[in-house]
Amino acid sequence: EGWKMELRVSCKSLLDRDTLNKSDPCVMLMVQAQGQWTELDRTEVIKSNLNPVFAKVLLLDYYFEEVQKLRFEVYDIHGTHSIGTRDDDFLGGVECTLGQIVAQKKMVKPLLLKYGKYAGKSTITIHAEEISGNNGYVELSFCAKKLDDKDLFSKSDPFLEIYRVNDDGTEQLVHRTEVIKNNLNPVWEPFKVSLISLCSCDEDRKLRCLVWDYDSRGKHDFIGEFYATFKEMQKVTWECVNPKYKLKKKNYKNSGKKEHLFLRISVAIDFTASNGDPRNSCSLHYINPYQPNEYLKALIAVGEICQDYDSDKRFSALGFGARIPPNYEVSHDFAINFNPDDDECEEIQGVVEAYQNCLPKIQLYGPTNVAPIINRIAKQAAGKEPIKDASRYHILLILTDGVVTDMADTREAIVRASYQPLSIIIVGVGNADFTDMQILDGDDGVLRSPKGEPVLRDIVQFVPFRDFKTASPAALAKCVLAEVPKQVVEYFSHKVIPPMCPVLDSTPNSIANTPD
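By convention here, each chain's residues receive numbers from 1 onward along its written sequence. In view of the model being predicted, local features appear only for residues whose pLDDT reaches at least 70, and side-chain atom pairs are presented and counted only at 80 or more, with totals across whole chains, interfaces and linings using the full set of residues. With hydrogens and water set aside, each side-chain value is computed from the structure's full complement of heavy atoms.

The protein goes by C2 domain-containing protein in an unreviewed UniProt entry, where it is assigned to Pygocentrus nattereri. UniProt positions are given in the numbering used here, feature names are shortened, and annotations may be inferred rather than shown by experiment. UniProt's Sequence similarities (unreviewed entry) comment on the protein is quoted here verbatim: "Belongs to the copine family."

Structure (structure tokens):
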């Protein structure tokens, strides 16, 4: 007497047969009986995908005393669901026995074209799981409420995927629901799944559930995810969260905003004389052809973390505290690419190049006035140019050696800025005394303006870079971005109404320009 086997199939690096878009693959399972190959079953067709993970389970009876020959054939399906016989629709095949798959549990093989030619680097992976007894199935049904809207002109088209998390941390697709068009509160069809494939018969095993907005070109937008166990599935509901923003839906209800965040990141670099002469190897701005100086190390480490969140990967790059060409007057707010009409650089690499290019052309000076740049970015954040279906939010990254001259103006500027969609991350470079920065951070108490007005919300995060020089990028990322999601949520839930007060003009009041 045999037992039932479940086979699951995925492919990697399939050939691209379609001129216009990627192949639409489907895998056909053939069995050999009396020397004849006949089709036993086939997977679903996955649109426009050269690395498909098929959701459909192929069921087989396994008789271990027999040699059961199997053949898997991958085809590019056009429109109709008939398997094309044209050679150019055949993406490769592989033959094996069911016993071989069962013995390996997971078998990876290269796909072969006619006459044993390799189909490029294409491979097929087949997982086998054995179903024992009759009681091994459960029926699950899922629905979602108030999903993110990812589409500009219509509502999202959501589908749900469930993955089992294996003991070694790998994930195995268990089920992919149908797509429900144009609906932010989808109710998906109930489905049956074996307990062995859902959770290896372990009710406490972690399952990862992801919700996607379907895209016919195969570029699905990620809406959110949650982890659950089968035990919990019998009684709970979850928050479906995009961990990139970690913004829980419920905080958003009263904001009346769509949850699409358009993040703009600006970088401001301290070019005051206290950093040391760039020609001197002790300087934090040392022009070293062989390795990045302290500012560059901090810029690259922190910038690359933030870059993932920047919506267009363009950074506004500013400098303060230097005398700049052509007239060598002190500026507390200049574009480091010296183009006042467009101070943006492409990605962090662009900022690095602009910095390296700017350094030899300027004279480090002072004082260390930070307020003008905070005011400038706050003004931009307050800008009235809305984006359809998106909430703008700004992050200002200030790299400084830490001693601020215009402390009173800076406190005032931060209090004003706390009413705008803005967070400030101050990265302390070098080994100076960072007491001022800790005061601005406000974690030890509420930051107040010189007149005693408190910030509306805490928007400053201070990161002493020296503590993270040997740390992993992940530890640094945690510190740099720790506060931002909370700050974003707070901003949108405050229904912020700025107090009637002008944003400070960017000229510091009566501070003489002296080197610091």
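A. Region of interest: helix α6 (residues 371-381). Accessible area is worked out with a 1.4 Å probe on protein chains only. A residue is then buried under 20% of its type maximum, exposed over 50%, and partly exposed in between. Where helices and strands are cited, they refer to DSSP runs of H or I of at least four residues and of E of at least two residues respectively, numbered from the N terminus. Buried residues dominate α6, accounting for eight of its eleven residues. Within α6, the full set of buried residues consists of A371, P372, I373, I374, N375, I377, A378 and A381.

B. Spotlight on the nonpolar core. We call a set of buried Ala, Val, Leu, Ile, Met, Phe, Trp, Tyr and Cys residues a nonpolar core when their side-chain atoms join them within 4.5 Å. The biggest cluster of nonpolar side chains holds 48 residues, and the ones touching the most others in it are F271, I336 and I362. A total of seven residues in this core trace back to one element, the largest contributor, which is helix α4 (residues 294-307). V9, C11, L50 and A128 belong to the second-largest nonpolar core, a separate cluster that totals 35 residues.

C. Molecular detail of the packing of aromatic side chains. In this analysis, rings of Phe, Tyr and Trp, with Trp reduced to its six-membered ring, are considered paired at centre separations within 6.5 Å, and the interplanar angle assigns stacked below 30 degrees, edge-to-face beyond 60, and tilted for intermediate values. The final tally for this structure, using the stated rule, is eight aromatic pairs. Considering the side-chain rings of F159 and Y214, the 6.4 Å spacing of their centres and the 70 degrees angle between planes classify their relative orientation as edge-to-face. Residue F159 is located in strand β10 (residues 158-165), and its partner Y214 is located in the loop between β13 (207-213) and β14 (221-228); the two are separated by 55 residues in the primary sequence. By relative accessible area, which is 3% here, F159 ends up buried. Seen from their ring centres, F434 and F462 are 5.3 Å apart, and the 55 degrees between their planes marks the pair as tilted. One end of the pair, F434, is in the loop between β23 (422-428) and α8 (435-441); the other, F462, is in strand β24 (residues 460-464), and 28 residues separate them in sequence. Like F434, the residue F462 is buried in the burial classification. Each member of the aromatic cluster is reached from another via a ring pair, and the members are F271, F334 and Y355.

D. A look at the pattern of salt bridges. For salt bridges, the criterion is a side-chain nitrogen of Lys or Arg within 4 Å of an Asp or Glu carboxyl oxygen. Inspection of the entire model under this criterion finds 25 salt bridges. Its salt-bridge partner being K4, residue D61 comes within 2.8 Å of it at the nearest N-O pair. With D61 in strand β4 (residues 58-62) and K4 in strand β1 (residues 3-12), this pair connects stretches of sequence that are 57 residues apart. A salt bridge links R71 to E95, with the nearest nitrogen and oxygen atoms 3.3 Å apart. Taken as a pair, R71 in strand β5 (residues 69-76) and E95 in strand β6 (residues 90-97) lie far apart in primary sequence, 24 residues in all. Take E95: its relative accessible area is 44%, and that puts it in the partly exposed class. If you follow the salt bridges from partner to partner, you end up with R264, R314, D342, E344 and E346 in one network.

E. Expanded view of the environment of T272. Its location among the elements puts T272 in the loop between β15 (261-270) and α4. For T272 and Y365, which are 93 residues apart along the polypeptide, the C-alpha to C-alpha distance reads 4.7 Å.

F. Quick peek at the sheet that holds strand β18 (residues 329-331). Spatial ordering of the open sheet is given by β18-β17-β21, a layout of three strands whose pairing is antiparallel. At either margin of the open sheet sits one strand with a lone partner, and together these are β18 and β21 (363-364). By the bridge criterion, two bridges tie strand β17 (residues 322-324) to β21 in an arrangement that is antiparallel. For R323, the partnering residue across the bridge sits in β21 and is Q363. Two strands pair under a simple rule: DSSP has to find at least two bridges between them.

G. Main features of the sheet that holds β13. Sheet architecture is open: four strands sit in the order β11-β10-β13-β14, paired in antiparallel fashion. Both outer strands of the open sheet, β11 (171-176) and β14, are each paired with one neighbouring strand and no more. In this sheet, adjacent strand axes meet at a mean angle of 25 degrees when their direction is disregarded. Bridging between β10 and β13 involves seven bridges; their strand directions are antiparallel. Here an angle of 0 to 180 degrees is reported between the N-to-C directions of two axes, which are lines fitted to C-alpha atoms, with helices fitted over the stretch in contact.

H. Structural view of the pairing of β13. Across the seven residues of β13, five count as buried, placing the element largely inside the fold. With seven bridges connecting them, β13 and β14 associate as antiparallel partners. Residue pairing in the sheet places D213 in a bridge with D221 of β14.

I. Geometry of the packing of α4 against helix α5 (residues 347-358). Between α4 and α5, the least distance of the axes is 9 Å, while the angle of their chain directions is 155 degrees. Classified by the interaxial angle, the pair formed by α4 and α5 is roughly antiparallel. Judged by the sense of rotation from one axis to the other, the crossing of α4 with α5 is right-handed. Across from Y295, L296, L299, I300, G303, E304 and Q307 in α4, the residues of α5 making contact are E347, I348, V351, V352, Y355 and Q356. Nonpolar residues are Ala, Val, Leu, Ile, Met, Phe, Trp, Tyr, Cys and Pro. Charged residues are Asp, Glu, Lys and Arg, and all others, Gly as well, are polar. For the contact of α4 with α5, a count of residues per class yields eight nonpolar, three polar and two charged. Relative orientations are named as follows: roughly parallel for angles under 35 degrees, roughly antiparallel for angles over 145 degrees, roughly perpendicular for angles from 65 to 115 degrees, and oblique for any other angle. Working rule for handedness: look at the near helix, and if it is turned counterclockwise from the far one by less than a right angle, call the crossing left-handed; if clockwise, right-handed. We call two residues contacting when some pair of their heavy atoms lies within 4.5 Å.

J. Up close: unusual backbone geometry. Here the residue pair P325 and P326 is connected by a cis peptide bond, since its omega of 5 degrees sits within 30 degrees of zero. Within the secondary structure layout, P326 lies in the loop between β17 and β18. Of the consecutive residues G366 and P367, the connecting peptide bond is found in the cis state with omega at -5 degrees. Mapping P367 onto the fold places it in the loop between β21 and α6. Of note in this structure, C201 is not a glycine but carries a positive phi near 60 degrees. With respect to the helices, strands and loops of the structure, C201 is situated in the loop between α2 (195-199) and β13.

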